[in-house]
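# Structural overview for review
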Amino acid sequence: MDPDQLAKAFVEHYYTTFDANRAGLANLYQEGSMLTFEGQKIQGSQNIVAKLTSLPFQQCQHSISTVDCQPSGPAGGMLVFVSGNLQLAGEQHALKFSQMFHLMPTPQGSFYVLNDIFRLNYA
Amino acid sequence: MEEQVEVVSKAFVEHYYSLFDNDRSSLSSLYHPTSMLTFEGQKIVGVDEISAKLRDLPFDKCQHHISTVDSQPSSSAGIVVFVSGSLQLPEEEHHLRFSQMFHLVPSPAGSFFVQNDIFRLNYG
């Protein structure tokens, strides 16, 4: 698959899962995965999913504005850089955010998230 | 290991934006032939091409103000760095907000170079 197509497919899958069933994100992370969420560092699939499922909102919707990607090196990794909006239920204004993912290939031929960094973009 | 990654990232970010704001042509020292830059969606590969792109940006002077720096160790002893901040151009009243990510890879000389660089303005 073409890298840009792969990045787009991953981004769609990630945010669709986030918005519909956050616990379903678990199989995108492994033991060595790292998430930095608004400056807080979390490691490992279980801890990452615990953080994401305990965020202070039940429902949300991500709308993606930009997706950039680049291959990261000989190990076959892929860097994905996303910006967009996050609409929380009951909030009038959407939050703007940026997020980067470093995807690494799995032996089964798919990808998992090794590095994940999320930041809100304040005005 | 964690502290080392943070120390390296902070030092890199300071160095990178200081060069950018004061001596933009010297940024070429941070890139290698395999380096990639995506600047506002435009993909550029290689030291010369990246240097040319940054040199030809439509402003002579600028000043970056960094708000956040996040970093994590990555595969093969690399480091990913995620920066947000604002970019001040002379005579422009309002700063431009931006986000930028770097993938730093160890160089044979014992320092790091930028293998991947992605820059995006954050519009209001």
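Below you will find a few notes about this structure. (Residues numbered from 1 in each chain as written. Chains lettered and ligands numbered in written order. Predicted model: local features only at pLDDT ≥ 70, side-chain atom pairs only at ≥ 80, totals over all residues. Heavy atoms only, no water.)

### With respect to the interface of chain A and chain B
On the side of chain B, 29 residues touch chain A, which itself brings 28 residues to the contact. Between chain A and chain B, a total of about 2,400 Å² is buried, with carbon and sulfur atoms accounting for 56% of that surface. If you sort the residues of chain A by the area they bury against chain B, Gln70(A), Phe81(A) and Arg119(A) come out on top, with a joint share of 26%. Between chain A and chain B we count 4 salt bridges in total. A salt bridge links Asp68(A) to Arg120(B); the nearest nitrogen and oxygen atoms lie 2.7 Å apart. Taken together, chain A and chain B are joined by 16 residue pairs in polar contact (both at pLDDT 80 or more). (Contact = heavy atoms within 4.5 Å. Buried area = accessible area lost by both parts, 1.4 Å probe. Salt bridge = Lys/Arg side-chain N within 4 Å of Asp/Glu carboxyl O. Polar contact = N/O pair within 3.5 Å; in protein donor to acceptor, adjacent residues only side chain to side chain.)

### A short note on the packing of aromatic side chains
The relation between two aromatic rings is expressed through the spacing of the ring centres and the mutual angle of the planes. All names here are of chain B. Applying the stated rule across the entire model yields 19 aromatic pairs over all chains. Considering the side-chain rings of Tyr17 and Phe98, the 5.9 Å spacing of their centres and the 50° angle between planes classify their relative orientation as tilted. With Tyr17 in helix 1 (residues 2-22) and Phe98 in strand 5 (residues 96-106), this residue pair connects regions lying 81 residues apart in the sequence. On the basis of relative accessible area, Phe98 is assigned to the buried category, the value being 0%. Ring centres 4.6 Å apart and planes at 5° place the aromatic pair Phe39 and Phe119 in the stacked group. Taken as a pair, Phe39 in strand 1 (residues 31-39) and Phe119 in strand 6 (residues 112-122) lie far apart in primary sequence, 80 residues in all. Taking relative accessible area as the criterion, Phe39 reaches 14% and is therefore assigned buried. With a relative accessible area of 5%, Phe119 lands in the buried category. (Phe/Tyr/Trp six-rings, centres within 6.5 Å; stacked < 30°, edge-to-face > 60°. Helix = DSSP H or I, 4+ residues; strand = E, 2+ residues; numbered from the N terminus. Buried < 20%, exposed > 50% of the residue type's maximum accessible area, 1.4 Å probe, protein only.)

### Considering helix 2 (residues 45-53) of chain A
Residue and element names in this part refer to chain A. Those residues of helix 2 lying buried are Ser45, Ile48, Val49 and Leu52. The buried residues of helix 2 occupy an angular sector of 95° when projected down its axis, which confines them to one face. On the buried face of helix 2, the contacting elements are helix 1 (3-20), strand 1 (29-37) and strand 2 (40-43). (Arc of directions from axis to C-beta.)

### Structural notes on the pattern of salt bridges
This model, assessed by the stated rule, comprises 5 salt bridges over all chains. Ionic pairing is found between Asp4(A) and Lys43(B), a salt bridge with its closest N-O pair at 3.0 Å. Pair noted here: Asp4(A) is in helix 1 and Lys43(B) is in strand 2 (residues 42-45), and the two residues belong to different chains. With relative accessibility at 32%, the residue Asp4(A) sits in the partly exposed group.

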